[in-house]
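Examination of the molecular architecture
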Amino acid sequence: MKFAIVVFPGSNCDHDAHYALTEVLGYEADFVWHKETDLHGADAVVLPGGFSYGDYLRSGAIARFSPVMASVADFAAAGQPVLGVCNGFQVLLEAGLLPGGMRRNRDLKFICQYVHLRVEQTDTLFTRNARVGQVLRIPIAHGEGNYYAPPDAMARLEANRQVIFRYTAPDGALDDAWNINGSTAAIAGICNEARNVVGLMPHPERACERVVGSTDGRVILESVVTALTGEGALA
Amino acid sequence: MIDESTLVAHGLTQDEYQRVLDILGREPNLTELGIFAVMWSEHCSYKSSRVHLRRLPTESPRVLQGPGENAGALDIGDGLAAVFKIESHNHPSFIEPYQGAATGVGGIIRDIFTMGARPIALLDSLRFGPLTDSKTQHIVEGVVAGIAGYGNSIGIPTVGGEVAFDESYAGNPLVNVFCLGVANADALILGRAEGVGNPVYYVGAKTGRDGIHGATMASAEFDDTIDEKRPNVQVGDPFMEKLLLEACLEVMETDALVGIQDMGAAGLTCATCEMGSRGGSGIEIDVALVPQRETGMTPYEIMLSESQERMLFIVKQGREAEVERIFEKWDLHAVSIGQVTADGLLRVRDRDAVVVEIPNKALADEGPVYNRPTRRPDDFEERQRFDLATLTEKPPAADALLTLLASPQIASKRWIYRQYDHMVRTNSIALAGVGAGVVRVKGTNRVLAFAVDGNGRYCSLDPRGGAMLAVAESARNVACSGATPIGATNCLNFGNPERPEIMWQFAEVVDGIAEACRALNIPITGGNVSFYNETDGIAIQPTPVIGVVGLIEDVSNVLGRVFSQQGASIILLGDAMPGLGGSEYLKLVHGVVRGTPPAIRLEREHALQRCLVSLAQAKLVQSAHDCAEGGLAVTLSECCFESGGIGAEVSVASVSDTVPHDVRLTVALFGESASRVIVSASPANTHDVLARACDAGIAAAVIGQTGGDRLRLSVDDAPVIDAALSEIERIWASGVAKYFEGRAA
Amino acid sequence: MWTIFFIASLERYDVKAKVYVTLKPSILDPQGKTIAQALQTMGYQTVQDVRQGKYFELDLDSGSADEARQMVAEVADRVLANPVIESYRVEVE
Amino acid sequence: MWTIFFIASLERYDVKAKVYVTLKPSILDPQGKTIAQALQTMGYQTVQDVRQGKYFELDLDSGSADEARQMVAEVADRVLANPVIESYRVEVE
Ligand SMILES: Nc1ncnc2c1ncn2[C@@H]1O[C@H](COP(=O)(O)OP(=O)(O)O)[C@@H](O)[C@H]1O
Ligand SMILES: [Mg+2]
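Note that the structure is predicted; figures quoted are calculated from it, not measured.

1. Looking at the overall build of chain A
Helix and strand counts for chain A stand at 5 helices and 11 strands. Taking 18 Å as the expected radius of gyration for a compact globule of 235 residues, we find that chain A reaches 16 Å, a close match to that expectation. Along the first, second and third principal axes, the C-alpha set of chain A runs to 45 × 45 × 35 Å. Residues classed as buried in chain A amount to 67% of the 235 residues present. Considering only residue pairs separated by 6 or more positions, chain A has 76% of its internal contacts joining residues 24 or more positions apart.

Here it is, written out as structure tokens:
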């Protein structure tokens, strides 16, 4: 099982993703420089967090024009798994591989803290090992994570069950006070219609070891391995 | 040609100018004069502080690099080095809070990766005026956002820091930033130019007219002409620096580099002459080859520009293409602007014309050195005098505790550190806000812990004692996480050194730091001095900020601040002593800043810290928290906060020889006696903890148990505080944030 | 009371103001520079330089356009722009 | 070669273009809302609403104003604005 981790200029969670996937979880992972168009024969692609191009203009707005993105789009179109984390999610939105866009956080501040995410759907490549309603404790670190999609797009997202994670209270209750950045419908993560492309603002790669505070992020990274290889499938 | 007013504009004295004439044996031209002026400014030359800084201890078997290079380095085992330093960006942060703080972060990060280290953590040490003032709120908002904006973008976690508020900083905020990186111990890269004929390369942002004379500005007080100093503002570009960081680290792996230095204060001038001087070489460059952002720039402007995110490096002849290729990969264009020469001169050309010719050594090492007069302030003894009996009308203890917990000084700093990405790089073990920064070193079992501390109020009452307390507190914070302190850096923030009272404070502080570092076996590997922190003749409190670095050899020995179990024993290590001098309680509850700060016995402090480390290694304690501002009552509260609702019931005896009787209670609760730590231990381990403390010669007593959802405190068996934890925690949690609700960012 | 209030409210106008905030020309604009480079890389070779600024639309309920102009200039100076590094321009319709 | 280059370079114009980008009207603008509230708190009671957007100045070296207009419209649509949430306006001098 091999992952490709795309490195844009300004990506800064690329090494964290690599460490989590290889050192912690024991998979293979290659960095793919944004000017490359070959995905190194990977089985899954990760667009990591960070500040591609400094987040200048809009988060992800410049990175989506990188040469590698055409290959990522083809890879996604072929039904293969693509995960965008934080800035990676923003790149996927800008690239049109996922619907919607991001605004500044409701309180206009960058926010770094643990949040609670409720798993809404498990029939995606990145949540199949989780339970519906399971609450994950995973950190966020972003200034522009206030998700928005126009009403018609929202209706389609909900009808197609494309909302995968929502910000909730620790017990999984929806509550505006726990909607950390003011996202529409408390959306923390979504998938595409084919359910192979997933983007989320929280950082699963930061929540893979007890020593740094949580292991709740593993289920997201492990799900795709189970989906592709059968390893670690739930009984 | 060089007249009196030109000298004044450049901040050079007649004597200094005479020295220039002697060195050159001729009149300098204006560009040369500008170069001398910045290199001999206080900021670059340390002319007022040098004679004192020599008294600091700088050696230990772990020191790989002491003061003098871009950063210090300590051996941390496994073939690795911790590379760290602290820098101030006080003046720029007052003029433009966001950009000033942001470029301060950028500058210290460059100092670290210049040494060949990958930066892995930042800490910030901040001082502002009272938060009730809207101008201060604006500054705080900008500074915090600026640090966040730069650190978050470049992907280096800000894992902790400290902040204090006092009137003396209202017109002179302090922004000190500490950065730490990890390098291979045998691959440290130095800022030297060697090898005649080796090319000198420039890479990074283009040069604009930014911050020309920033270094001389940092060496002058603020006054009504501040507006004229404004066009100098430098804007940070963290994206550019991220590219530089990655490209430089990649180039450093090739061994094609001879030396490298960032262009910080005094820009191209400082980078060229310092590298030349360290390597005993000459350097010749052509300013026409320097990439420029603006048109019509003169050699003077190019040499003195402080545009950010620029590096200068020397490449081994024949390896140029390899180096250029790596920079190209990162979309950076490294250009050769000159070469190393044998004559020891800084020679600057503008195409065919030679515009500067000055010996590197004269600029970098042979600047003026002043042993400025010192005088103890006349009111020194008077301010230390304080009679506890004058404290009438004391509020009930419970009310005083609430006042303290609600004050920004003591309240939760979450509003600040939540804006900092403190988790990127997935090394942060203790989360920001729960003690020292604690960061693992991937690929090893080792952990580094570091803290910045400094108490300006203590230092204003007793500079020497206050400095010792700062070293002790910083080291104690590190030891509370289970780490052995192994080295330190320092940032010395003071007023105008030309005033004898300020110079006296400075000399006393240096002596205090030196004495404490010797006693605690902590070498100083570098630092920074920031003078002229005055507005309209009013100086800041003398504020030494000490950044101590500690080492934990086994990640499983890391300790946190908060109680982790119900029913644990609460143990106080160390003695309570009489006195309230300089305390947070006196200031916040009575508005009094007087008395003598707590006395410190350094050998006891050392024993306490060693004892803490041994308790952590033996896994006998569950938590440890330094007893500092606000005394025992505040410290116990902090141990309960963020613990998931674990309360405590504690009973202590008052300090017996304190008079009068009703003050004893106050001293017991809010006195800030040094060298005290609260630890918690399971009942089964309690005896062993006490026995180890006894062996170490440390007073230790079980003062209560964790449990319940209240904080209950008795003094001499009389209950004095009984509060619902959730309620006092709410007050503490909003103490800083409440000032920023509804502000337009 | 009622009448006075009624008359006063009749005298208010809906005014739209626009404020353009730009970095002063000599100040580095990292965003603009990065955007310009990206556009060139994408093949928009004719782009020489890009500067990024801020743009505000204010809806006011003002006594007069003059009153609005004065107020918006003050707001621009105090809040919307950072006069240390930015300049601004106000337009009132 | 020389002549051709010379003629070509004669035919280029320095063109300045401006692009204004704002969130679509139906989308809540958290920045604008916060500024409006802050202004009201500061005593600017006549402020009803604020919207914050971005403003770009592009320096081009174009064959003609028309060519520039077309190119800038494309750049605004593809790059400077995100049409999912933003609208834009282009001005070419
Ligand atoms: N300016 C700051 N930046 C980041 N974190 C801060 C800042 N100020 C305080 N903190 C965090 O808040 C915690 C409490 O601060 P402080 O009371 O100074 O700690 P301590 O009592 O351990 O010295 C610290 O552990 C620190 O990590
Ligand atoms: Mg402290």
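Continuing now.
2. What about the interface of chain A and chain B?
Put simply, an interface is often sized by how much accessible area is lost when its parts join up. If you look at the interface, chain A gives 29 residues, while chain B gives 32 residues. Joining chain A to chain B, the criterion identifies 5 salt bridges. Of the charged contacts in the structure, one is a salt bridge between Arg440 of chain B and Glu209 of chain A, with a shortest N-O distance of 2.7 Å. Put simply, chain A and chain B have 12 residue pairs in polar contact (both at pLDDT 80 or more) between them. Taken together, the elements giving at least two residues each to the side of chain A that touches chain B come down to helix H1 (14–24), strand E6 (111–119) and strand E7 (135–142) of chain A. Among the elements that line the side of chain A that touches chain B, the one with the most residues is E6 of chain A, at 4 residues. Class assignment for the residues of the side of chain A that touches chain B results in 17 nonpolar, 5 polar and 7 charged.

3. Considering the pairing of strand E20 (residues 543–552) of chain B
Working note: regular strand, side chains alternate between the two faces of the sheet. Residues and elements named next belong to chain B. Counting buried residues in E20 gives 10 out of 10 residues, a clear majority hidden from the surface. Residues of E20 alternate between two faces, with Thr543, Val545, Gly547, Val549 and Leu551 on one and Pro544, Ile546, Val548, Gly550 and Ile552 on the opposite face, all of them buried. Relative to E20, strand E15 (residues 447–453) runs antiparallel, the two sharing 7 bridges. Considered in E20, the bridge of Val447 is made with Ile552. Direction of pairing for strand E16 (residues 484–493) relative to E20: antiparallel, over a ladder of 9 bridges. If you follow Ala488 over to E20, its bridge partner there is Val548.

4. Examining the sheet that holds strand E3 (residues 86–92) of chain D
Backbone hydrogen bonds hold the strands of a sheet together, and the pairing may be parallel or antiparallel. Pairing is antiparallel in the open sheet, where 6 strands are placed in the order E3(C)-E1(C)-E2(C)-E2(D)-E1(D)-E3(D). Edge positions in the sheet fall to strand E3 (86–92) of chain C together with E3 of chain D, since each of these pairs with one other strand and no more. Between one strand axis and the next, the sheet turns through 25° on average, direction left out of account. The pairing of strand E1 (residues 13–23) of chain D with E3 of chain D spans 7 bridges and is classified as antiparallel.

5. Side note on the interface of chain C and chain D
Contacts between chain C and chain D engage 34 residues on the former and 34 residues on the latter. Summing both sides of the interface, chain C and chain D together bury roughly 2,900 Å²; the carbon and sulfur share of this comes to 61%. Taken as a group, Tyr44, Thr46 and Tyr55 of chain C account for 22% of the area that chain C buries against chain D, more than any other trio of residues on that side. Put simply, chain C and chain D have 0 salt bridges between them. Where chain C packs against chain D, one counts 14 residue pairs in polar contact (both at pLDDT 80 or more). If one sorts the elements of the side of chain C that touches chain D by residue count, strand E2 (residues 47–62) of chain C sits on top with 16 residues. Of the residues contributing to the side of chain C that touches chain D, the split by class is 16 nonpolar, 6 polar and 12 charged. Relative to strand E2 (residues 47–62) of chain D, E2 of chain C is paired through 13 bridges, and the arrangement is antiparallel. Residue pairing in the sheet places Asp49 of chain C in a bridge with Asp59 of chain D of E2 of chain D.

6. Observations regarding the packing of helix H10 (residues 238–252) of chain B against helix H13 (residues 320–329) of chain B
All names here are of chain B. Two elements in contact, H10 and H13, have axes whose closest approach is 9 Å; the angle formed by their N-to-C orientations is 150°. Here H10 lies roughly antiparallel to H13, going by the angle between them. The two elements H10 and H13 cross, and the hand of that crossing is right-handed. On H13, the residues that touch Ala247, Cys248, Glu250 and Val251 of H10 are Val323, Ile326, Phe327 and Lys329. Considered class by class, the residues forming the contact of H10 with H13 number 6 nonpolar, no polar and 2 charged.

7. What to know about the relation of the copies chain C and chain D
The two copies are related by a screw motion: chain C maps onto chain D through a turn of 180° and a shift of 0.0 Å along the axis, at an RMSD of 0.3 Å. Here the transformation between the copies is reduced to the relation of a two-fold axis. Residue Lys54 of chain C, judged by its C-alpha, is the member of chain C lying nearest the rotation axis, at 2.4 Å. Here 100% of the contact residues of chain C are again contact residues in chain D; the copies associate through an equivalent surface.

8. Here we look at the confidence of the model for chain C
All names here are of chain C. Of the residues in chain C, 88% reach a pLDDT of 70 or more, and the chain-wide mean stands at 86. Between the elements of chain C, mean pLDDT differs from a low of 45, seen in helix H1 (residues 2–10), to a high of 95, seen in helix H2 (residues 30–41). Scored below 50 in pLDDT, residues 1–9 makes 0 contacts in the model with residues more than four places away or belonging to other chains. Both scores are available for the predicted complex, with the pTM at 0.94 and the ipTM at 0.92.

9. Quick notes on the pairing of strand E2 (residues 28–33) of chain A
Residues and elements named next belong to chain A. Direction of pairing for strand E1 (residues 2–7) relative to E2: parallel, over a ladder of 6 bridges. The residue of E2 that forms the bridge with Ala4 is Asp30. For the segment spanning E1, H1 and E2, crossover handedness is right-handed.

Rules and cut-offs
Residues numbered from 1 in each chain as written. Chains lettered and ligands numbered in written order. Predicted model: local features only at pLDDT ≥ 70, side-chain atom pairs only at ≥ 80, totals over all residues. Heavy atoms only, no water. Helix = DSSP H or I, 4+ residues; strand = E, 2+ residues; numbered from the N terminus. Rg over C-alpha atoms; globule rule 2.2 N^0.38 Å. Buried < 20%, exposed > 50% of the residue type's maximum accessible area, 1.4 Å probe, protein only. Contact = heavy atoms within 4.5 Å. Salt bridge = Lys/Arg side-chain N within 4 Å of Asp/Glu carboxyl O. Polar contact = N/O pair within 3.5 Å; in protein donor to acceptor, adjacent residues only side chain to side chain. Nonpolar A, V, L, I, M, F, W, Y, C, P; charged D, E, K, R; others polar. Pairing = 2+ DSSP bridges. Axes fitted to C-alpha atoms, helices over the stretch in contact; angles between N-to-C directions. Buried area = accessible area lost by both parts, 1.4 Å probe. Parallel < 35°, antiparallel > 145°, perpendicular 65-115°, else oblique. Left-handed = near helix turned anticlockwise from the far one by under 90°. Least-squares fit on C-alpha atoms with pLDDT ≥ 70 in both. pLDDT = per-residue confidence, 0-100. Right-handed = clockwise from strand over helix to strand, strands pointing away.

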